Amino acid sequence: MITNDSIIKLAEKYNTPLYIYDFNGIKNRVLEFKKAFKARKSILCYALKANSNLSLLSYLAKLDCGGDCVSINEVKRALKAGMPKYKIIYSGVGKTDDDIKEALELDILFINVESKMELLRIESIAESMKKDARISIRVNPDVDAKTHPYISTGLKENKFGVDMDTAKAMYIYANNSKYLNPIGIHFHIGSQILDSTPIMQSAEKVIDLVFGLLALKIDLKFIDIGGGIGIKYENEQTIDLYSYAQGILKALNGLDLSIIVEPGRYIVGNNGILISKVIYEKYNKNKRFCIIDAAMNDLLRPALYNAKHSIKHISINKNTIEIPQLLKDKNDFINKADVVGPICESGDYLAKDISLPPTQSGDLIIIESAGAYGFSMSSNYNSRTKCAEVAIIDGKEKLIRKRENFEDLIANEEPFLGE
Ligand SMILES: *Cc1c(COP(=O)(O)O)cnc(C)c1O
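Source: prediction; values computed, not measured.

Chemist: Could you clarify how one ought to interpret the site of the ligand in this entry?
Modeler: Taken together, 14 residues form the shell around the ligand, and within it Lys 49, Ser 191, Glu 262, Arg 265 and Tyr 373 come nearest. Lys 49 places a side-chain nitrogen or oxygen 2.7 Å from an oxygen atom of the ligand. Between the ligand and Gly 228 there is a distance of 2.8 Å, counted from an oxygen atom to a backbone nitrogen or oxygen. Protein chains bury 95% of the 390 Å² of accessible surface belonging to the ligand in isolation.

Chemist: What's the story with the packing of aromatic side chains in this structure? I'm lost.
Modeler: Centre distance and the angle of the planes are the two values used to describe a pair of aromatic rings. Applying the stated criterion across every chain, the model contains seven aromatic pairs. Ring centres of Phe 33 and Tyr 266 lie 5.6 Å apart, and the angle between their planes is 85°; this geometry places the pair in the edge-to-face category. With Phe 33 in helix α2 (residues 23-36) and Tyr 266 in helix α10 (residues 265-268), the pair connects residues that are 233 residues apart, well separated along the chain. You'll find Phe 33 and Tyr 266 in the same group, each marked buried. Centre to centre, the rings of Phe 110 and Phe 222 are 6.0 Å apart; their planes meet at 55°, and the pair counts as tilted. Remark: Phe 222 occurs in strand β8 (residues 222-224) and Phe 110 occurs in strand β5 (residues 110-113); sequence separation between them is 112 residues. With a relative accessible area of 0%, Phe 110 lands in the buried category.

Chemist: Got a minute to help me understand the domain arrangement of the protein chain in this structure?
Modeler: Accessible area lost upon the coming together of the parts is a frequently used measure of interface size. Per the domain assignment, the segments of the protein chain are domain 1 (91-263) and domain 2 (270-407). A C-alpha centroid distance of 38 Å is found between domain 1 and domain 2. Contacts between the two partners involve eight residues from domain 1 and, on the opposite side, nine residues from domain 2. The junction of domain 1 with domain 2 conceals about 790 Å² of combined surface from both sides, 52% of it contributed by carbon and sulfur atoms. When the area that domain 1 buries against domain 2 is broken down by residue, the three leading residues are Tyr 150, Tyr 233 and Glu 234, summing to 59%. Summed over the shared surface of domain 1 and domain 2, the result is zero salt bridges. Counting the contacts that link domain 1 with domain 2 gives two residue pairs in polar contact (both at pLDDT 80 or more). A breakdown of the residues in the side of domain 1 that touches domain 2 according to their chemical character gives four nonpolar, two polar and two charged.

What counts and what doesn't
Residues numbered from 1 in each chain as written. Predicted model: local features only at pLDDT ≥ 70, side-chain atom pairs only at ≥ 80, totals over all residues. Heavy atoms only, no water. Near = heavy atom within 4 Å. Polar contact = N/O pair within 3.5 Å; in protein donor to acceptor, adjacent residues only side chain to side chain. Areas by Shrake-Rupley, 256 points an atom, 1.4 Å probe, with all protein chains shown as cover. Phe/Tyr/Trp six-rings, centres within 6.5 Å; stacked < 30°, edge-to-face > 60°. Helix = DSSP H or I, 4+ residues; strand = E, 2+ residues; numbered from the N terminus. Buried < 20%, exposed > 50% of the residue type's maximum accessible area, 1.4 Å probe, protein only. Domains from an automatic or database assignment. Contact = heavy atoms within 4.5 Å. Buried area = accessible area lost by both parts, 1.4 Å probe. Salt bridge = Lys/Arg side-chain N within 4 Å of Asp/Glu carboxyl O. Nonpolar A, V, L, I, M, F, W, Y, C, P; charged D, E, K, R; others polar.

Now the structure itself:
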């Protein structure tokens, strides 16, 4: 829990916009997962893309987490933060030869393979390096995760993974190769999943394949059941972790595989907030806008997915508010507003048509549940600098990323064209 008092204090000290994370809350989420799966050998490979701040990763490493990485730089972040290499896995549909080579050099647990072509590339690169490539194949079970189309990944029309038959052929090929060592199987059907049924259906399909492989004497060690567990942004009903774990164990049907889980959002989402200041309000005929100093470059989810985040308001300025005479009798109207950023895009909003008491310059607007896919998706659009990040650990604050300045913004650019 981050209290209003500490929000006000941190806003003064570090300025806004600012991300604040509750690391103790993050730890509790990790422990929840561990408890749910404690009956089994399991590894929690946190999905770095949800939030890849190094301090966060090193905190998770101390809680025995590994990392699920979707780029070679995420692999390097995980290692840098102290995650052991035997708990790091590398997924993604488009790994270049250089990426594969580096992953093999870094000797991580395994590479999640997403196509036949990739399997062949890995084999030939491993051969040239005289190395044994540990792999897992990402199966696309063709099950509808019933989530936003942009974050659905387990349907045959999605670019991810390979179908069951192709996967089987790839395992047989890998098993016969001198340089490929198939040790795992993987699925991940989407993100912000609120009903565990599609996950269980996928697990059953994938486990069928594991039995089929066993009959061919291909003996896998790991089943990687992906991430995707949804969280509460507003009033969503979410999946109960314990019954989720029980469902998976039941589907395993006695198979002795180590379970890998790859949660991202579930670990950090509800444990981060984005705080910002009201710059001013603006009335456009029949619309009220609350313009704040955070924008879509700080938190892209509303613009990208039409995502809804709860918004809280802390009144700082106690002056009486001047409401234009014209609006005074339209009570409903002055209680509803769009919360928008300063960026030159109509898609630049943080919330639409929400109830919000009249605000004044300097008041704080808190955007809740912004810990996942918040800072990690932020950009420098409109030449805005990326904001700072603060962690609260056991009641103490720690700056875990400095606010960027103008020099940071232009550091890699050539200022003059020459003669
Ligand atoms: C994004 C991703 C995850 C994490 O998804 P969450 O919804 O944040 O839990 C896990 N595994 C893979 C392969 C991913 O791409």
